[in-house]
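Understanding the architecture of this molecule
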Amino acid sequence: MALVTSGSGAGPVIAEVEMNGGADPSSTTVRATVVQASTIFYDTPATLDKAERLIEEAAGYGSQLVVFPEAFIGGYPRGSTFGFGISISITNPKDKGKEAFRRYHAAAIDVPGPEVTRLAAMAGKCKVFLVMGVIEREGYTLYCSVLFFDPLGRYLGKHRKLMPTALERIIWGFGDGSTLPVYDTPLGKIGALICWENKMPLLRTALYGKGIEIYCAPTADSRPVWQASMTHIALEGGCFVLSANQFCRRKDYPPQPEYEFAGLGEEPSGDTVVCPGGSVIISPSGEVLAGPNYEGEALITADLDLGEIVRAKFDFDVVGHYSRPEVLSLVVNDQPQIPVSFTTADRTPATRSDIISKSY
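Residues numbered from 1 in each chain as written. Predicted model: local features only at pLDDT ≥ 70, side-chain atom pairs only at ≥ 80, totals over all residues. Heavy atoms only, no water.

1. Quick word on the overall build of the chain
Across its full length, the chain holds seven helices and 15 strands. Within the chain, buried positions represent 52% of all 360 residues. Contacts in the chain between residues at least 24 apart in sequence constitute 69% of all its contacts with a sequence separation of at least 6. (Helix = DSSP H or I, 4+ residues; strand = E, 2+ residues; numbered from the N terminus. Buried < 20%, exposed > 50% of the residue type's maximum accessible area, 1.4 Å probe, protein only. Contact = heavy atoms within 4.5 Å.)

2. Notes on helix H3 (residues 114-126)
Between its first and last C-alpha atoms H3 spans 19 Å; for 13 residues at 1.5 Å apiece the expected length is 18 Å, and the two agree. Taken together, the buried positions of H3 are occupied by Glu115, Val116, Leu119, Ala120, Met122, Ala123, Gly124 and Cys126. Lining the buried residues of H3 we find helix H1 (44-60), strand S4 (129-138), strand S5 (141-149) and strand S6 (155-160). Remark: lysine 127 follows H3 within two positions and exhibits a positive phi of approximately 60 degrees. (Expected span 1.5 Å × (residues − 1).)

3. Side note on the UniProt feature "active site" (unreviewed entry) in the chain
Following the UniProt record, the feature "active site" (unreviewed entry) maps to Glu70 here. Relative to the helices and strands, glutamate 70 is located in the loop between strand S3 (65-67) and helix H2 (94-107). Engagement of the side chain of glutamate 70 in a polar contact is seen with the side chain of lysine 161, the distance being 2.9 Å. (UniProt positions renumbered as here; feature names shortened; annotations may be inferred. Polar contact = N/O pair within 3.5 Å; in protein donor to acceptor, adjacent residues only side chain to side chain.)

4. What to know about unusual backbone geometry
Both trends apply: most residues other than glycine have a negative phi, and most peptide bonds are in trans. Residues valine 111 and proline 112 are joined by a peptide bond in cis, for which omega reads 0 degrees. Position of proline 112 relative to the elements: it lies in the loop between H2 and H3. In the segment running from glutamine 256 into proline 257, the intervening peptide bond is cis, with an omega of -5 degrees. Of note, proline 257 is situated in the loop between strand S11 (247-249) and strand S12 (273-276). The backbone phi angle of alanine 71 is positive, close to 55 degrees, even though this residue is not glycine.

5. Describing the pairing of strand S8 (residues 188-192)
A large share of S8 lies buried, amounting to four of its five residues. Two strands pair when backbone bridges link them, and strand S7 (residues 182-185) and S8 are joined in this way by four bridges, in the antiparallel orientation. Residue pairing for S8: tyrosine 183 is matched across the bridge by isoleucine 190. Where S7 hands over to S8, the hairpin turn is made up of two residues, counted between the paired strands. Sheet topology note: the S8/strand S9 (residues 214-216) ladder contains three bridges and is parallel. Looking across to S9, one finds that alanine 192 is bridged to cysteine 216. What joins S8 to S9 is helix H5 (residues 201-209), and the crossover it makes is right-handed. (Pairing = 2+ DSSP bridges. Right-handed = clockwise from strand over helix to strand, strands pointing away.)

6. Things to note about the sheet that holds S8
Spatially, the six strands line up as an open sheet ordered S7-S8-S9-S10-S13-S14, and their pairing is mixed. Two strands bound the open sheet, and with one partner strand each, they are S7 and strand S14 (288-293). Strand after strand, the sheet turns through a mean of 15 degrees between neighbouring axes, direction not considered. Strand contacts of helix H6 (residues 225-237): S9, strand S10 (240-243), strand S13 (279-282) and S14, with the helix running at about 25 degrees to S13, the strand carrying the most contacts. (Axes fitted to C-alpha atoms, helices over the stretch in contact; angles between N-to-C directions.)

7. Here's the deal with H5
Every buried residue of H5 is accounted for by Leu203, Arg204, Ala206, Leu207 and Tyr208. Lining the buried residues of H5 we find S7, S8, S9 and H6. Downstream of H5 by a residue or two, glycine 211 has a phi angle that is positive, lying close to 80 degrees.

8. A few points about the packing of aromatic side chains
Tallied over the entire structure, the rule returns 14 aromatic pairs. On the basis of an interplanar angle of 65 degrees and a centroid distance of 6.3 Å, the ring pair of tyrosine 42 and tyrosine 259 is categorised as edge-to-face. Here the residue tyrosine 42 occupies a position in the loop between strand S2 (29-36) and H1, and tyrosine 259 occupies one in the loop between S11 and S12, the gap between them amounting to 217 residues. The exposure class of tyrosine 259 is buried, given its relative accessible area of 3%. Taken together, Phe41, Tyr42, Phe82, Tyr104, Tyr253, Tyr259 and Phe261 form an aromatic cluster joined through their ring pairs. Its end group placed over the ring of tyrosine 143, arginine 160 keeps NZ or CZ at 3.8 Å from the ring centre. (Phe/Tyr/Trp six-rings, centres within 6.5 Å; stacked < 30°, edge-to-face > 60°. Lys NZ or Arg CZ within 6 Å of the ring centre and 35° of its normal.)

Structure (structure tokens):
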């Protein structure tokens, strides 16, 4: 596991700024880590083992909050088209795509389920709040989700990606408004949106309305322009933004013909970087505290001075003194959207989504 190197040349450290540098000693300070690492594709047990090692390493540096990338458990199917975009035929190559989906489905996890229990135990063992990107399996539908755990080893709940992007819509279902939690924890109010959901102004506003202070943004977007979006959210929300992305090479995915990698012309070599990361931590004033890192797998860590939130809100409180509710307002439907319900009470199925408590 690589450490991010200080720009001062003072040797390896976890973050790109001095720990506690410039922090107000009278304010609460939280040490947070974003993990930049690759899934072990199609091997969920091995990925869980890797996650445990990374959590232990982050906790060893004193981190209280550890945030993983989008789809870390289950994998982000980068380069795979699942047979779409190649042919409009109902025969091959979609049949090959269906087999790819079967394997992807097998690598996903049930929520709750044994993998969730193990992740909760990791958080409890290391005494950290854990935000983990997973591919969630419910029946035969997959969801891109984020799971939340506390230092007591408890699973708190989840957020399901509300709007998958482009080809993601072929393989992932759509979340609903029932999984938009913001947890009021001793570290601050923690919530998350996934990848391009963060570009949806009304969805961000829903989290601002819940008072989010530590805004987690697991992503698969490694483009430089992503940094502008993260900075904007930090300034707009007056919150810390923690964006975690994977760093992947072609060899982190199964080889051909087991896994077809499209979108890069000819088949890339094993050492070709297919996702360069760009994980970053940004303060409510828009200052980059750590990252972005494009060099390799890393733990990217910074100390968050929560007094910065209050100082940022003095100028701009998007759902407070800078709002105009008599002109502009938002209504959020936070009820589970269930496709089948029964009028007989004892036949009513369990809801598809967690019922999220409002506080930790």
